[in-house]
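Working through the structure, step by step
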Amino acid sequence: ATDKFNAIEPAKIGTFVITPAQLEAGDVCSLITNPVYYNGSKQEPGIMGHMASPYDDYNAERTVAYKQGDSYAEPVDAGTYDVYVSAEAVKNYKAIPETYIGTFIIDKKGISLKDAFTFKSQTFKYDGQPHKLEVTSTGLVGYDGTAIITYKKGDTVVDEPVDVGVYDVYIRAGDCK
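Residues numbered from 1 in each chain as written. Predicted model: local features only at pLDDT ≥ 70, side-chain atom pairs only at ≥ 80, totals over all residues. Heavy atoms only, no water.

A short note on the overall build of the chain
- Secondary structure assignment for the chain yields two helices and 11 strands.
- Order of helices (α) and strands (β) in the chain, N terminus to C terminus: α-β-β-β-β-β-β-α-β-β-β-β-β.
- Per-residue burial for the chain yields a buried fraction of 24% across its 177 residues.
- Surface accessibility of the chain: about 12800 Å² in total, with carbon and sulfur atoms responsible for 51%. (Helix = DSSP H or I, 4+ residues; strand = E, 2+ residues; numbered from the N terminus. Buried < 20%, exposed > 50% of the residue type's maximum accessible area, 1.4 Å probe, protein only. Areas by Shrake-Rupley, 256 points an atom, 1.4 Å probe, with all protein chains shown as cover.)

Remarks on the side chain of H131
- Looking at the element boundaries, H131 is found in the loop between β7 (117–119) and β8 (135–137).
- Reaching out from H131, the side chain makes a polar contact with the side chain of D127 at a distance of 2.9 Å.
- Leaving out residues up to four positions away in the same chain, H131 has contacts with F124, K125 and P161. (Polar contact = N/O pair within 3.5 Å; in protein donor to acceptor, adjacent residues only side chain to side chain. Contact = heavy atoms within 4.5 Å.)

With respect to the sheet that holds strand β4 (residues 71–72)
- Spatially, β4-β3-β5-β6 is the arrangement adopted by the four strands of the open sheet, whose pairing is antiparallel. Only two strands of the sheet have a single partner each, and these edge strands are β4 and β6 (96–106).
- Relative to strand β5 (residues 79–87), strand β3 (residues 62–68) is paired through six bridges, and the arrangement is antiparallel. Bridging from a neighbouring strand, A65 pairs with Y84 of β5. (Pairing = 2+ DSSP bridges.)

Concerning the pairing of β3
- In the sheet, β3 pairs with β4 via two bridges, with the strands oriented antiparallel. Each residue of the ladder has a partner; that of K67, found in β4, is Y72.

Considerations on the pattern of salt bridges
- By the definition in use, this model includes three salt bridges.
- One salt bridge connects E44 with K42, and the closest N-O pair in it is separated by 3.9 Å.
- Note that K67 and E98 form a salt bridge whose closest N and O atoms lie 3.6 Å from each other. In this pair, K67 sits in strand β3 while E98 sits in strand β6, placing the two residues 31 residues apart along the sequence.
- Residue class for E98 comes out partly exposed when judged on its relative accessible area of 38%.
- A single salt-bridge network, built from bridges that share partners, covers K42, E44 and E74. (Salt bridge = Lys/Arg side-chain N within 4 Å of Asp/Glu carboxyl O.)

Topic: the side chain of Q43
- Assignment of secondary structure puts Q43 in the loop between β1 (29–32) and β2 (46–49).
- Within the structure, Q43 has its side chain in polar contact with the backbone oxygen of Y37 (distance 3.0 Å).
- Not counting the four nearest positions on each side in its chain, Q43 is found in contact with V36, Y37, Y38, P75, F104 and I106.

Concerning the packing of aromatic side chains
- Going through the model one piece at a time under the given rule, you end up with one aromatic pair.
- Ring geometry for Y84 versus Y100: centroids 5.7 Å apart, planes at 65 degrees, classification edge-to-face. With a gap of 16 residues between them, Y84 in strand β5 and Y100 in strand β6 connect regions that are remote in the sequence.
- Classification of Y100 by relative accessible area gives partly exposed; the value is 43%.
- The ring of Y84 carries K67 above its face, with NZ or CZ at 4.7 Å from the centroid.
- Here the basic side chain of K152 rests over the ring of Y170, its NZ or CZ set 5.4 Å away from the ring centre. (Phe/Tyr/Trp six-rings, centres within 6.5 Å; stacked < 30°, edge-to-face > 60°. Lys NZ or Arg CZ within 6 Å of the ring centre and 35° of its normal.)

Function-wise, these values are silent; they only describe arrangement.
Here is the structure:
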């Protein structure tokens, strides 16, 4: 109060509302893609969280999902996976709906015959019987274990090496994933 005015009592003059912010998936994370090769186990891309002011108090857990076409899929097999991120609502922020953030690729593993088989050169004495190279599958994940072996003596393919001579041996793997 002053000598010219009476004291003004506090009075409500209105309200205002602060509503939760709606962030986009790109506001809270980004996909980091490095070369990844098939190994028989679930693999995931790097997803980097990044928050800068004014969102540095955002603390929702992200959920990551993978799709191939319209179907959800675990990223195990070689192929291309679409990556989606979502997050629950938390104080001050609305939920982030499932949102596409990029593509994750698992490349086929390059293998050599030594990855798929064990074998060694062998010498046999002529005995009139056919002889074959002893080949063992290593049990490589994603490989069916069959070996397709071809023998050649000179330029001629030989089904069963019997006669004295030097045979070139060619081997290839059967079906792979």
